[in-house]
Number of protein chains: 2
Amino acid sequence: MSQSSKTLPKILKCTLIASSRFFKIESLQLRFSNGQQREFERMRGYHRGAVLIVPFFDKDTILLIREYAAGTHSYELGFPKGLIDSGETPEIAANRELKEEVGFGANSLQKLKKVTMSPSYFSSEMTLFMAFDLYPETLPGDEPEPLEVIKWPLNKVDELLARDDFQEARGISALLLTLKALKDKNNII
Amino acid sequence: MSQSSKTLPKILKCTLIASSRFFKIESLQLRFSNGQQREFERMRGYHRGAVLIVPFFDKDTILLIREYAAGTHSYELGFPKGLIDSGETPEIAANRELKEEVGFGANSLQKLKKVTMSPSYFSSEMTLFMAFDLYPETLPGDEPEPLEVIKWPLNKVDELLARDDFQEARGISALLLTLKALKDKNNII
């Protein structure tokens, strides 16, 4: 359970090999500490990171959004999320996304954990939050159609986890870390 | 909490705009049901899917691997995982990955959930499993260096979740769904 003593492979060469408006693909020439050389491909990250928020409408109810997802060409249930804009802290970005996507700001944000998507191929990081003490405030978003906001009772979480349209791992992590945080808090009290 | 009555946007055009050995990027021309037209970029998926496995060494101990991740250029703790090969079921792929990455096969696999990475941009799906009743068997993998296999006691899960080198959302989802499944099972008994 100790930290690894492994030495990171040396990056011999890093080349941009394909790119579009949103994606940049790099080829990485690596030499591992045992002398093995390999070529890996990875996606160049945005560096500014992203946020995802579990908003509490009241102590027993969270808010979800239903949104079109182009990758899977389907409507998916999930939590408000988005990229951190230039100059924003993760907290400020979380509050902005809440206002844009669910029509509330939050007086209280509590960080759950920073997560990655697939560290073998992507560097992008997302900070997961819980949001409490909401107040109505709307900011215009850039969605092509209004997002559907859904109140979901916490005592029906098992139904949510069983749904085929609630399957983004970062959202599942946020939901289960939220339940764990609530449980740990109640155990302390 | 009902199913959405929303009509999926119409894909007017789908064009391959950039590609490398591993990644293919598509541009999608969409018309939403309200008439709004937008251009989205997404990654073309592998279709064959992937698996990730939480292996139980005994009833109180899970197995982790420590592996170099090129996307984040760091060594990360996580669970054995990999793409499903042509002709494999998810269960067969899970057993092969276990043999390649931790040196065990499993007599019993239990599905937790199918998850996505980021459905707005990727179609790739991963099936999460728990593996029980392990037996020693090794298959050669394609790793540039031997993977470090680590026994982690279940009663130290909070320490694992707090670590900065355990942050892949799909692995966190698998771990927390595992704990939930064990708890639900004990409650039933």
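Residues numbered from 1 in each chain as written. Chains lettered and ligands numbered in written order. Predicted model: local features only at pLDDT ≥ 70, side-chain atom pairs only at ≥ 80, totals over all residues. Heavy atoms only, no water.

1. Regarding the side chain of Glu-101 of chain B
Residue and element names in this part refer to chain B.
- In this fold, Glu-101 is placed in helix α1 (residues 90-101).
- It is Lys-81 that comes nearest to the buried, bridge-free Glu-101 among opposite-charge side chains, at 6.7 Å.
- Within the local environment of Glu-101, its side chain forms a polar contact with the backbone nitrogen of Lys-81, the two atoms lying 3.1 Å apart. (Helix = DSSP H or I, 4+ residues; strand = E, 2+ residues; numbered from the N terminus. Buried < 20%, exposed > 50% of the residue type's maximum accessible area, 1.4 Å probe, protein only. Lys, Arg positive; Asp, Glu negative; His and termini not counted. Salt bridge = Lys/Arg side-chain N within 4 Å of Asp/Glu carboxyl O. Polar contact = N/O pair within 3.5 Å; in protein donor to acceptor, adjacent residues only side chain to side chain.)

2. A word on the sheet that holds strand β3 (residues 37-43) of chain B
Residue and element names in this part refer to chain B.
- Ordered in space as β1-β2-β3, the 3 strands form an open sheet in which the pairing is antiparallel. Two strands bound the open sheet, and with one partner strand each, they are β1 (10-19) and β3. The mean angle between the axes of side-by-side strands here comes to 20°, regardless of whether they run parallel or antiparallel. (Pairing = 2+ DSSP bridges. Axes fitted to C-alpha atoms, helices over the stretch in contact; angles between N-to-C directions.)

3. Some words on the interface of chain A and chain B
- Taken together, the contact between chain A and chain B spans 80 residues of the former and 80 residues of the latter.
- The interface formed by chain A and chain B includes 4 salt bridges. (Contact = heavy atoms within 4.5 Å.)

4. Concerning the pairing of strand β6 (residues 74-78) of chain A
All names here are of chain A.
- Burial runs high along β6: 5 of the 5 residues are buried.
- Burial along β6 is two-sided: the residues Ser-74, Glu-76 and Gly-78 and Tyr-75 and Leu-77 are all buried.
- Across 5 bridges, the pairing between strand β5 (residues 61-69) and β6 is antiparallel. Bridge pairing links Ala-69 to Ser-74 in β6.
- The antiparallel hairpin formed by β5 and β6 contains 4 residues in its connecting segment, where His-73 sits at a positive phi of about 45°.

5. Some words on the side chain of Ser-173 of chain A
- Tracing the backbone shows Ser-173 of chain A in helix α3 (residues 169-188).
- Side chain to side chain, Ser-173 of chain A and Ser-173 of chain B meet in a polar contact 3.0 Å long.
- Dropping the residues within four chain positions of it, Ser-173 of chain A is found in contact with Leu-128 of chain A together with Ala-169, Ile-172, Ser-173 and Leu-176 of chain B.

6. Points about the confidence of the model for chain A
- Mean pLDDT over chain A: 94, with 96% of residues reaching 70 or higher.
- Among the prediction metrics, the complex's ipTM stands at 0.95, with pTM recorded as 0.95. (pLDDT = per-residue confidence, 0-100.)

7. Focus: the relation of the copies chain A and chain B
- For the pair chain A and chain B, the relating rotation is 180°, the translation along its axis is 0.0 Å, and the fit reaches an RMSD of 0.0 Å. Taken together, the rotation and translation relating the two chain copies correspond to the operation of a two-fold axis. Minimal C-alpha separation from the rotation axis in chain A is found for Ser-173 of chain A, amounting to 2.4 Å. (Least-squares fit on C-alpha atoms with pLDDT ≥ 70 in both.)

8. A look at the packing of aromatic side chains
- Per the counting criterion, the structure on display carries 21 aromatic pairs over all chains.
- With centroids separated by 5.5 Å and ring planes inclined at 90°, the aromatic side chains of Tyr-68 of chain A and Phe-32 of chain B adopt a geometry described as edge-to-face. You can see Tyr-68 of chain A sitting in strand β5 and its partner Phe-32 of chain B sitting in the loop between β2 (24-31) and β3, one on each of two chains. Each of the two residues, Tyr-68 of chain A as well as Phe-32 of chain B, counts as buried.
- Judged by centre distance (6.1 Å) and plane angle (75°), the rings of Phe-57 of chain B and Phe-104 of chain B are edge-to-face. With Phe-57 of chain B in strand β4 (residues 50-58) and Phe-104 of chain B in strand β8 (residues 104-116), the pair connects residues that are 47 residues apart, well separated along the chain.
- A relative accessible area of 34% means that Phe-57 of chain B is categorised as partly exposed.
- Relative accessible area serves as the criterion here: at 17%, Phe-104 of chain B is assigned to the buried category.
- Here a set of aromatic residues connected by ring pairs shows up, and it is made of Phe-22, Phe-23, Tyr-121 and Phe-122 of chain A together with Phe-22, Phe-23, Tyr-121 and Phe-122 of chain B. (Phe/Tyr/Trp six-rings, centres within 6.5 Å; stacked < 30°, edge-to-face > 60°.)

9. Description of unusual backbone geometry
- A positive phi angle, close to 55°, is found at Asp-133 of chain A, a residue other than glycine.
- Here Asp-133 of chain A lies in strand β9 (residues 125-136).

10. Considerations on the pattern of salt bridges
Residues and elements named next belong to chain A.
- In the structure shown here, the tally under the stated rule is 34 salt bridges over all chains.
- We note a salt bridge from Arg-48 to Asp-85, for which the minimum N-O separation is 3.6 Å. A residue pair is termed long-range when its members are at least 10 positions apart, and Arg-48 in the loop between β3 (37-43) and β4 (50-58) and Asp-85 in the loop between β7 (81-83) and α1 (90-101) qualify at 37 residues.
- Residue Asp-85 is classed as partly exposed on the basis of its relative accessible area of 35%.
- Glu-168 is the partner of Arg-170 in a salt bridge, and the nearest nitrogen-oxygen pair spans 2.9 Å.
- Given a relative accessible area of 8%, Arg-170 falls into the buried group.
- Overlapping salt bridges, with partners in common, bring together Arg-48, Asp-85, Glu-88, Arg-96, Glu-97 and Glu-100 in one network.

11. Description of α1 of chain B
All names here are of chain B.
- Helix length check: α1, at 12 residues, gives a terminal C-alpha distance of 16 Å against a target of 16 Å (1.5 Å per residue), a fit within 8%.
- Every buried residue belonging to α1 is among Ala-93, Ala-94, Asn-95, Arg-96, Glu-97, Leu-98, Lys-99 and Glu-101, and all of these are buried.
- The inward-facing, buried residues of α1 contact β4, β5 (61-69), β7 (81-83), β8, β9 (125-136) and β10 (148-153).
- Two residues or fewer past α1, Gly-103 is found with a positive phi of approximately 80°. (Expected span 1.5 Å × (residues − 1).)

12. Observations regarding the environment of Glu-67 of chain B
All names here are of chain B.
- Relative to the helices and strands, Glu-67 is located in strand β5.
- With a relative accessible area of 21%, Glu-67 lands in the partly exposed category.
- In this structure the C-alpha to C-alpha distance between Glu-67 and Glu-97, which are 30 residues apart in sequence, comes to 14 Å.
- Not counting the four nearest positions on each side in its chain, Glu-67 is found in contact with Ser-74, Tyr-75, Glu-76, Glu-143 and Leu-147.

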